[in-house]
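Below are the chains, spelled out letter by letter.
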Amino acid sequence: MVACVRELKLRHHICIAHTLNVLVKRVLDQHPVLSGLRAKGRKLVGYFRSSTTAKEKLTQVQLQLGMQATKLMQEVETRWNSTYLMLQRLVELREPVGATLAGLHTDIPFFTASEFDIVVACLSLLSPFYDATTELSAEEHVSASKVIPLLKMIEKALQEEDTKSAPAVAVEIGEQLIRQLREKLHMLQSMSILSLATLLDPRFKLIAFFSNTNAAEAVKRLTSECATVIRRNLEENTHDIPRLPPLKNSVEVADFGKDWTLVSWRQRGLKMCQQMPS
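Draft legend 1. Structural view of the overall build of the protein chain. In terms of regular secondary structure, the protein chain is built from 13 helices and 0 strands. Along the protein chain, helices and strands appear, N-terminal first, in the series α-α-α-α-α-α-α-α-α-α-α-α-α. Relative to all contacts within the protein chain whose residues are 6 or more apart in sequence, the contacts with residues 24 or more apart total 68%. Surface exposure of the protein chain reaches about 17800 Å², of which carbon and sulfur atoms provide 56%.

Draft legend 2. Quick peek at the confidence of the model for the protein chain. Here the protein chain averages 79 in pLDDT, and 77% of its residues register 70 or above. Counting contacts from residues 247-274, a segment whose pLDDT is below 50, to residues more than four positions away or on other chains yields 16 contacts.

Draft legend 3. Spotlight on the packing of aromatic side chains. For the coordinates displayed, the defined rule picks out 6 aromatic pairs. Here the aromatic rings of Trp80 and Tyr84 are separated by 6.2 Å at their centres, their planes lie at 70°, and the arrangement is edge-to-face. Remark: Tyr84 and Trp80 occur in helix H5 (residues 80-92); sequence separation between them is 4 residues, near one turn of the helix. No difference in accessibility class separates Trp80 from Tyr84, as the two residues are buried. With a centroid separation of 5.4 Å and an interplanar angle of 80°, the aromatic rings of Phe111 and Phe116 are classed as edge-to-face. Judged by relative accessible area, Phe111 falls into the buried class, the value being 7%.

Rules used in this analysis
- Residues numbered from 1 in each chain as written.
- Predicted model: local features only at pLDDT ≥ 70, side-chain atom pairs only at ≥ 80, totals over all residues.
- Heavy atoms only, no water.
- Helix = DSSP H or I, 4+ residues; strand = E, 2+ residues; numbered from the N terminus.
- Contact = heavy atoms within 4.5 Å.
- Areas by Shrake-Rupley, 256 points an atom, 1.4 Å probe, with all protein chains shown as cover.
- pLDDT = per-residue confidence, 0-100.
- Phe/Tyr/Trp six-rings, centres within 6.5 Å; stacked < 30°, edge-to-face > 60°.
- Buried < 20%, exposed > 50% of the residue type's maximum accessible area, 1.4 Å probe, protein only.

This is the structure we're talking about:
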């Protein structure tokens with residue numbers, strides 16, 4: 001990786017996973033309704049994590065319902081995907097958590113039915129971002145060529161999201177996510193290293209770009225890069241080839257085509273033979 005950066009003369013390259021994290025976190029933090037639901041979820045998860053009685057009761061209820069015993073997950077302030085995982089786990093354990101709270105007679109509030117509708121709709125919007133972040137963060141996979149296709153998939157997923165029956169809060173968050181995605185991330189397809197990596201990847205080629213114009217620009221850039229490399233190699237090879245001294249009575253290339261070298265040397269050999277003493 002270090003050799004690649006040195007060869008490409010890169011001093012800094014944007015981290016796409018971090019960019020997605022900042023983008024989504026900004027949208028989530030700016031919406032008061034969702035911020036209130038997140039705070040409510042953090043308080044609920046904190047209660048179960050700090051109370052041994054509540055934790056054991058939750059495990060018991062899950063087993064009674066024929067479910068696998070799983071723990072609630074707490075949100076981490078600096079990572080938006082922890083918000084996704086916390087809300088997703090609360091939705092999955094909605095029934096056992098509600099039954100456990102009812103049996104413990106605690107004053108810790110749980111989500112109402114309408115609040116669950118908002119959470120479920122928001123999780124549907126955030127799911128493509130979570131999948132893309134997970135894919136880009138996988139160290140064992142080459143990620144440069146995946147950036148543009150993943151961004152295109154996120155945009156397409158958000159556009160196809162059915163918001164007709166979704167809560168107004170989810171609709172507003174979806175619009176903000178699309179706007180932020182287009183403002184902050186569409187410019188990435190104009191970066192040479194990303195566009196060329198996508199174009200050269202046989203899985204994606206031209207189909208991964210947002211528009212035909214962007215694809216044509218990438219092809220033009222690749223063609224120019226190839227021409228530069230070929231021209232440089234030809235110049236280096238030309239300097240390495242030893243030059244022969246000019247020969248007398250050598251024939252013109254246009255007269256003899258590919259045999260000009262052979263004819264020239266035959267004429268030179270004949271002349272040498274004539275000059276030798278008999």
